[in-house]
Amino acid sequence: MNLKKYIELEKKAPKGLMGLEWIIIAYTVVTLLLVLFGMTKLHNPDAMIWGRVRMASITLGMWVVFRLVPCRLTRLLRVVAQLAMLSWWYSDTYLLNCLFPNLDHVFARAEQSIFGFQPALTFCEDWPQIWMSELMDMAYASYFPIIAAVTLYYFFQRYKDFERAAFIILASFFAFYLIYDILPVTGPMYYYKAVGLDQIAKGVFPNVHDYFCNHMEMLPSPGYKDGIFYQLVAAAHNSGERPTAAFPSSHVGISVVCLLLAWRSGSRKLFFSILPFATLICLATVYIRAHYAIDVFAGLLFGIAFYLFWSKVYKEPKRGRASR
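Within any chain, residue numbers begin from 1 and follow the written order of that chain's sequence. Selection of residues for local features in this predicted model requires a pLDDT of at least 70, selection of side-chain atom pairs for listing and counting requires 80 or more, and totals for whole chains, interfaces and linings are taken over all residues. Heavy atoms throughout the structure, all of them, feed into the side-chain values; hydrogens and water do not.

**Q** Could you clarify how one ought to interpret the nonpolar core in this entry?
**A** For soluble globular proteins, nonpolar side chains are generally found buried alongside one another. Counting residues in hydrophobic clusters, the biggest one holds 88 residues, and the most contacted among them are Phe173, Phe174, Tyr177, Tyr191 and Leu261. For this core, the element with the most residues is helix α10 (residues 162-182), which contributes 15 residues. We call two residues in contact whenever any of their non-hydrogen atoms come within 4.5 Å of each other. Apart from residues lying up to four places away in sequence, Tyr191 is in contact with Asp104, His105, Ala108, Thr186, Ile200, Phe205, Pro206, Val208, Phe212 and Tyr292. Residues Val35, Leu42, Met48 and Leu99 belong to the second largest nonpolar core, which totals 6 residues. Take the buried Ala, Val, Leu, Ile, Met, Phe, Trp, Tyr and Cys residues and link them wherever side-chain atoms come within 4.5 Å; each set so joined is a nonpolar core. The classification of residues rests on relative accessible area computed with a 1.4 Å probe and restricted to protein chains. Under 20% of the type maximum is buried, over 50% is exposed, and intermediate values are partly exposed. Think of it this way: any DSSP run of H or I at least four residues long counts as a helix, any run of E at least two long counts as a strand, and we number them from the N terminus.

Shown next as structure tokens:
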């Protein structure tokens, strides 16, 4: 590997913000308006406002670093910084959607009407075997490695398309987050806990109104509790999960986006390497009760739609003049 090319200064580096950074700034502004609109109802609006200031400062700070040292490595750091901040933005969706009434009862009833039962309730009960539990948890845990694999493949193997790929991934994330901000659906692991599994089994789906604005209790993940992958998923849930972001499933949607990017890269090895994991994620999200089955189907459709939309929106950055 020629390490020199990653730190070699680019002579025609774009001077402005990357397209993905403009998307994030736009999202920051839109959600700031939501915070200002709902200040009287939000628990700590000042912290949410200052959080946005910090996120914007980091974005501008990384841009300054790139302007000072315009090379491939600093461009990668700009993208990695935004990916790292997704966890903060994810938690923030929970705070924002408390402005709106919870809709889990609507989605649970729709699930019952379509399937005649609750797949998230019965799937893990019908398949409790250790191998199935670990397979599902392994698939669910593969979500972030899939994103990393596609992002790094473009950086190292298709650098001229790296910024476009990063734009599509991050823009899709924030499109999902915008939906979560205004469509409060927590998913089975929270709703079933709030209502009670006995009620769910009877087909009773009451409206819990603003319950989740003050409660974050969730069901323990089903399956083999001594499994390695079970422990990974449980640790992730305990550290950063919130009653938010159920519909549509971003796990499924972003996996679809990454699959389509992998196919477009021309690397069939990359595509077929992540295809089994992305396919199993569709099952795993229901198995561990993170999502209703309808969230999965919606995630598939939204993933395709976001990929096509952001591919059309993306514009190649204008390059600066070469230094003399």
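**Q** What's the story with the packing of aromatic side chains in this structure? I'm lost.
**A** Aromatic ring pairs are defined here through the distance separating the ring centres and the angle between the ring planes. Planes of paired rings set the category: under 30 degrees apart is stacked, over 60 is edge-to-face and the rest tilted, where pairs are Phe, Tyr or Trp rings (Trp by its six-membered ring) whose centres lie within 6.5 Å. Taken as a whole and judged by the stated rule, the model has 32 aromatic pairs. Ring geometry for Phe176 versus Phe306: centroids 4.9 Å apart, planes at 85°, classification edge-to-face. Linking Phe176 in helix α10 with Phe306 in helix α16 (residues 293-313), this pair joins segments that are 130 residues apart in sequence. The residues Phe176 and Phe306 share a single accessibility class, namely buried. Residue placement shows Arg72 over the ring face of Tyr159; its charged tip is 4.1 Å from the ring centre. Over the ring of Trp263 we find Arg268; its NZ or CZ atom is 3.5 Å from the centre of that ring. Note on geometry: a ring has a charge over it if NZ (lysine) or CZ (arginine) is within 6 Å of the ring centre and within 35 degrees of the ring normal.

**Q** Could you clarify how one ought to interpret helix α8 (residues 130-141) in this entry?
**A** Because an α-helix completes one turn every 3.6 residues, residues spaced three or four positions apart along the sequence face the same direction. Taking 1.5 Å of rise per residue, the 12 residues of α8 would be expected to cover 16 Å, and the 16 Å separating its terminal C-alpha atoms lies within 8% of that figure. Restricting attention to buried positions, one finds in α8 the residues Met132, Ser133, Glu134, Met136, Asp137, Ala139 and Tyr140. The inward-facing, buried residues of α8 abut α7 (119-126), α9 (143-157), α13 (228-240), α14 (250-264) and α15 (268-287). To estimate the expected span of a helix, count its residues, drop one, and scale the result by 1.5 Å.

**Q** What is the right way to look at unusual backbone geometry in this model?
**A** Residues apart from glycine generally show negative phi values, whereas peptide bonds are mostly found in trans. For the bond from Phe247 to Pro248, the omega torsion is -10°, close enough to zero to count as cis. Considering the arrangement of structural elements, one finds Pro248 in the loop between α13 and α14. Positioned with a positive phi, Ala245 is a non-glycine residue whose angle comes to about 65°. Tracing the backbone through its elements, the reader meets Ala245 in the loop between α13 and α14.

**Q** When you look at the pattern of salt bridges in this model, what are you seeing that I'm missing?
**A** In a structure, side chains of opposite charge can pair up when their charged atoms sit close to one another. Definition used for salt bridges: Asp or Glu carboxyl oxygen within 4 Å of a side-chain nitrogen of Lys or Arg. Per the counting criterion, the structure on display carries 7 salt bridges. Glu10 is the salt-bridge partner of Arg75, the closest N and O atoms lying 2.6 Å from each other. Of the two residues, Arg75 sits in helix α4 (residues 72-84) while Glu10 sits in the loop between α1 (4-7) and α2 (19-37), which places them 65 residues apart along the sequence. Per residue, the accessibility class of Arg75 equals that of Glu10, and both read buried. In this structure, the salt-bridge partner of Glu163 is Arg75, at a minimum N-O distance of 3.1 Å. Of the two residues, Glu163 is situated in helix α10 and Arg75 in helix α4; the sequence distance between them amounts to 88 residues. By the burial criterion, Glu163 is buried, and Arg75 matches it. Put simply, Glu10, Arg75 and Glu163 are held in one network by salt bridges that share partners.

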